[in-house]
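Secondary and tertiary structure notes
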Amino acid sequence: MNDKSKFEDSKQGRLDYLISLQLDDELCEAEMEELIELLNLDPAARQRLVANSLFDVQLADILRNGVCEPSLQIRRSNNRNLFANSFGGVLLAVAALILSLFAMQWVLESRDFGEQQDQQIAKITGLSGPLQWTGNGGLVSNELTVGAELPGGTIEGQSPESWFELEFKDGSRVVIAGQSRLIFSDQGQKELHLIAGGFSASVEPQPAGKPMLVYTRTAVLEVLGTEFEVASELASTFLNVTEGKVRVKRLSDGQSLDVPAKHRVTAAADQLFELEPTPETVGCWKDRLSRGPRGVYGDWQPGDASQGRKPAVKSIPHTIKESGKTIYCTALRVVSGDSPPVVLRRDSQLVVEGRVAKKTKSLYVGVTLQHPNGDFAGRFQIRLPGESVTVDENFKLDLDIEDFTLDPSLREIQHKLADSPLGLIVTDIWCHTLWEPAGLEIESMELYESASAD
Amino acid sequence: MNAKEEKRDRIVKLAFECRVQLMAYAYALLGDYSTADDAVQDAMLTVVKKYDQFTEGTSIMAWCRSIVRLEVLRIRQKRHKDRTLVSRLLEDSIDQAFDEYSSTESSSQDVRRRKALVKCLSNLTNRGRLVLQGRFAESLSYEQIGEKVGMSLEAVRKSLYRQKKQLRDCVELNVRNVE
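Residues numbered from 1 in each chain as written. Chains lettered and ligands numbered in written order. Predicted model: local features only at pLDDT ≥ 70, side-chain atom pairs only at ≥ 80, totals over all residues.

Notes on the overall build of chain A
Across its full length, chain A carries seven helices and 30 strands. The buried share of chain A, reckoned over its 454 residues, is 41%. (Helix = DSSP H or I, 4+ residues; strand = E, 2+ residues; numbered from the N terminus. Buried ≥ 20, exposed ≤ 12 C-beta atoms within 10 Å, placed from the backbone.)

See below:
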């Protein structure tokens with residue numbers, strides 16, 4: 001067996017080999033593509049990458065510094081190792097670090113940290129819910145305001161209620177809703193990196209040869225001027241085009257497709273890569289909690305058939321920075337690439353089953369909605385008195401969608417949103433309690449049309 | 001020491017404790033220990049300057065990593081190093097890997113691992129050790145290592161992979177035996 005075949009003998013060996021080359025900056029393009037595919041398809045491969053990187057750092061530390069603990073050496077000031085090596089010396093070491101760093105203030109002053117000189121590329125035109133923006137030099141802000149201009153960076157929606165609308169200088173708009181993370185930049189060519197979740201965009205015609213590029217883990221999109229929505233999961237990218245045309249390249253094999261208006265496609269290594277007309281909307285939907293935690297916001301529990309417990313999702317806390325108060329929320333993603341859009345109609349009913357472990361003042365059930373072109377349309381909710389549910393007993397709520405009203409936290413941007421939930425596409429359904437941990441657990445959610453049920 | 005200074009010290013200490021993971025992250029993105037070290041040191045300077053922007057109770061690791069990522073981009077821009085589409089996508093995958101990672105290893109396990117690694121290094125051949133030394137301690141290129149130890153470029157590439165694999169296996173075995 002020659003060396004090469006030995007390396008390829010096991011998948012693990014091949015993965016280690018590729019990681020080793022990446023850590024030495026010696027990967028060729030074909031090997032990079034191979035490594036991307038291995039990483040994207042297998043969580044164990046991603047863990048391996050981190051483990052091997054940590055190993056190499058430990059190895060380098062030892063070969064450089066001997067057996068001592070890792071330390072920060074401030075080379076710019078020509079200091080030798082500033083820190084004591086013993087565990088007990090860490091505090092002293094940190095103090096030394098602070099002192100030496102302040103002594104180096106001139107370095108900080110002379111460096112271009114950028115934010116004053118950064119070119120603003122886009123402005124915030126709407127936002128709601130918990131959001132975090134990370135800009136140049138690690139500037140982190142949770143206090144974004146409408147009208148603020150940004151120089152690019154990473155925007156992250158931190159809960160199902162998050163919503164953010166950004167307008168580039170040329171009028172192109174990008175909207176993220178729910179838990180999504182998007183890196184955006186414009187250095188003469190707009191580049192978006194969708195790390196998680198999804199966004200919709202309305203893109204003005206772009207300069208010749210410089211289309212907007214959207215990168216996900218499994219695909220690259222080239223956008224010249226169009227309306228579309230895109231959602232990315234670990235192993236697939238879903239694209240739905242409303243207007244114009246988007247070119248999508250599946251990374252696993254390099255195949256490309258032009259997706260015209262009213263068509264959609266899913267780019268995944270293990271699925272057919274072909275156009276599909278955007279399907280007709282439906283009025284019914286049922287959760288897939290029994291299939292696992294995909295599309296779930298909350299702590300998914302597998303259930304135990306022997307004890308008669310169904311799979312469920314427990315609420316998780318999210319603290320609002322301004323008030324210091326906490327929302328205990330669960331949410332299920334409704335919109336997905338492998339099922340038709342779900343629309344709310346006059347006779348739509350929402351059934352929610354679950355339980356609470358403690359008395360709560362109120363229970364909130366709501367839906368997050370979008371327009372057919374992917375634009376955010378609002379969150380509509382109903383507030384139920386705590387007496388609607390009994391502690392430690394299963395509850396079943398059958399709710400009339402016509403009773404749902406706009407989430408009061410969106411009042412300031414009410415003029416941009418829909419008047420009623422009817423006719424809109426459901427992206428998420430959520431349920432939460434406010435300020436107190438009531439041990440909310442949801443076992444089932446279902447949308448149906450009462451007329452067709454009759 | 002006033003409250004502001006106490007907060008600064010607390011955050012810098014927390015950031016310092018993330019150092020190995022941050023180094024691993026920068027190393028995975030840049031493919032060079034010395035450059036990764038520069039990125040992490042610059043990130044630490046940013047942490048000291050902007051500590052008040054960190055919300056205590058949230059993840060210091062995630063905050064520091066976002067700073068390191070920007071430092072990595074800045075280093076690349078400075079060096080005018082072209083990034084191809086594929087390399088950008090690989091960076092996104094690396095980002096995701098570190099995002100998902102959460103260490104379950106205690107500090108005593110970490111120390112045990114480090115001791116085992118030192119012991120395993122002594123089992124290497126002189127030539128193997130020279131190859132590792134060249135790459136990790138002196139940041140030499142494959143070509144420079146080849147010239148130094150009299151090996152072809154391909155042989156250096158494979159030797160590095162083999163030495164590291166041997167060390168990883170040896171460390172695992174040692175740690176398991178101790179446990």
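From this point on, the discussion continues.
Looking at the overall build of chain B
Counting its secondary structure elements, chain B contains nine helices and zero strands. N-terminal to C-terminal, the α/β element order of chain B is α-α-α-α-α-α-α-α-α. Going through the 179 residues of chain B one by one, you find that 38% of them count as buried. In chain B, of all internal contacts separated by at least 6 residues, the share reaching a separation of at least 24 is 64%. (Contact = placed C-beta atoms within 7 Å.)

Here we look at the interface of chain A and chain B
Tallying the contact residues gives 55 residues for chain A and 61 residues for chain B. At the level of secondary structure, the elements contributing two or more residues to the side of chain A that touches chain B comprise α2 (11–23), α3 (29–41), α4 (43–65), α5 (90–103) and β9 (190–202) of chain A. The dominant element in the side of chain A that touches chain B, judged by the number of residues it contributes, is α4 of chain A, at 16 residues. Residues belonging to the side of chain A that touches chain B are distributed by class as follows: 31 nonpolar, 12 polar and 12 charged. (Nonpolar A, V, L, I, M, F, W, Y, C, P; charged D, E, K, R; others polar.)

Overview of the packing of α4 of chain A against helix α7 (residues 126–137) of chain B
As a packed pair, α4 of chain A and α7 of chain B sit with axes 9 Å apart at the nearest point and diverge in direction by 100 degrees. With respect to α7 of chain B, the element α4 of chain A is oriented roughly perpendicular. Side by side, α4 of chain A and α7 of chain B meet where L59, A60, L63 and R64 of chain A of the first sit next to L132, Q133, F136 and A137 of chain B of the second. (Axes fitted to C-alpha atoms, helices over the stretch in contact; angles between N-to-C directions. Parallel < 35°, antiparallel > 145°, perpendicular 65-115°, else oblique.)

Re the nonpolar core
Grouped together as the largest cluster of nonpolar side chains are 149 residues, with contacts concentrated most on L239 of chain A together with A26, Y27, C64 and V68 of chain B. Not counting the four nearest positions on each side in its chain, Y27 of chain B is found in contact with L23, S53, D56 and V57 of chain A together with Y33 and A36 of chain B. (Core = buried A, V, L, I, M, F, W, Y, C linked by C-beta atoms within 7 Å.)

What to know about the confidence of the model for chain A
Residues and elements named next belong to chain A. For chain A, the average pLDDT comes to 80, and 83% of its residues sit at 70 or higher. For chain A, helix α6 (residues 105–110) is the element with the lowest average pLDDT, namely 40, and strand β24 (residues 348–355) is the one with the highest, namely 93. Note that residues 1–8 has pLDDT below 50 and, in this model, six contacts with residues that lie over four places away or in other chains. Across residues 98–117, confidence stays below pLDDT 50; counting only partners more than four residues off in sequence or on other chains, it has 23 contacts. (pLDDT = per-residue confidence, 0-100.)

With respect to the packing of α7 of chain B against helix α8 (residues 142–149) of chain B
A pair of packed helices is captured by two measures, namely the crossing angle of their axes and the spacing between those axes. Residue and element names in this part refer to chain B. Put simply, α7 and α8 touch, their axes get as near as 10 Å, and they point 145 degrees apart. Viewed along their axes, α7 and α8 form a crossing whose handedness is right-handed. Across from R127, L130, V131, G134 and R135 in α7, the residues of α8 making contact are Q144, I145, K148 and V149. Here the residues of the contact of α7 with α8 sort into four nonpolar, two polar and three charged. (Left-handed = near helix turned anticlockwise from the far one by under 90°.)

A closer look at the pairing of strand β25 (residues 362–370) of chain A
Residue and element names in this part refer to chain A. Of all the nine residues making up β25, seven are buried; the element is thus mostly covered by neighbouring parts of the structure. In terms of strand pairing, β25 meets strand β26 (residues 376–385) through nine bridges, oriented antiparallel. Bridging from a neighbouring strand, L369 pairs with G378 of β26. Turn length for the β25-β26 hairpin, with the two strands adjacent in sequence and antiparallel, is five residues, and the turn residue G374 shows positive phi of about 95 degrees. Strand direction decides the pairing type here: β25 and strand β29 (residues 425–434), joined by seven bridges, are antiparallel. (Pairing = 2+ DSSP bridges.)

Notes on α2 of chain A
Since one α-helical turn is 3.6 residues long, residues separated by three or four positions face the same way. Taking 1.5 Å per residue as the helical rise, α2 of chain A with its 13 residues ought to reach 18 Å, and the 18 Å between its terminal C-alpha atoms agrees with that figure. Once α2 of chain A ends, the next one or two residues include D25 of chain A, with phi positive near 55 degrees. (Expected span 1.5 Å × (residues − 1).)

Digging into unusual backbone geometry
As a rule of thumb, non-glycine residues mostly have phi less than zero, and peptide bonds are mostly trans rather than cis. All names here are of chain A. Even without being glycine, D25 reaches a positive phi, approximately 55 degrees. Looking at where D25 falls in the secondary structure, it is placed in the loop between α2 and α3. One non-glycine residue, D392, lies in the positive phi region at around 65 degrees. Tracing the backbone through its elements, the reader meets D392 in the loop between β26 and β27 (395–400).

Let's talk about the confidence of the model for chain B
Low-pLDDT stretches of the model should not have their predicted coordinates read in fine detail. All names here are of chain B. Chain-level statistics for chain B give a pLDDT mean of 85 and a share of 92% at 70 or above. Model confidence for chain B, summarised as mean pLDDT per element, is weakest for helix α6 (residues 107–121) at 81 and strongest for helix α2 (residues 19–30) at 92. Among the prediction metrics, the complex's ipTM stands at 0.92, with pTM recorded as 0.52.

So, the environment of T125 of chain B
Residues and elements named next belong to chain B. Structurally, T125 can be placed in the loop between α6 and α7. On the basis of neighbour counts, which here come to 11 C-beta atoms within 10 Å, the residue T125 falls in the exposed class. Sequence-wise, T125 and Q163 are 38 residues apart; in three dimensions their C-alpha atoms are separated by 9.3 Å.

Side note on the environment of K396 of chain A
Within the fold, K396 of chain A resides in strand β27. Taking C-alpha positions, K396 of chain A is 10.0 Å from I442 of chain A, a pair spaced 46 residues apart along the chain.

Some details on the environment of D299 of chain A
Residue and element names in this part refer to chain A. Mapped onto the secondary structure, D299 falls in strand β20 (residues 299–301). In this structure D299 comes out as partly exposed when scored by C-beta crowding, with 13 C-beta atoms within 10 Å. Apart from residues no more than four positions distant in its own chain, D299 is found in contact with V313, K314 and I316.

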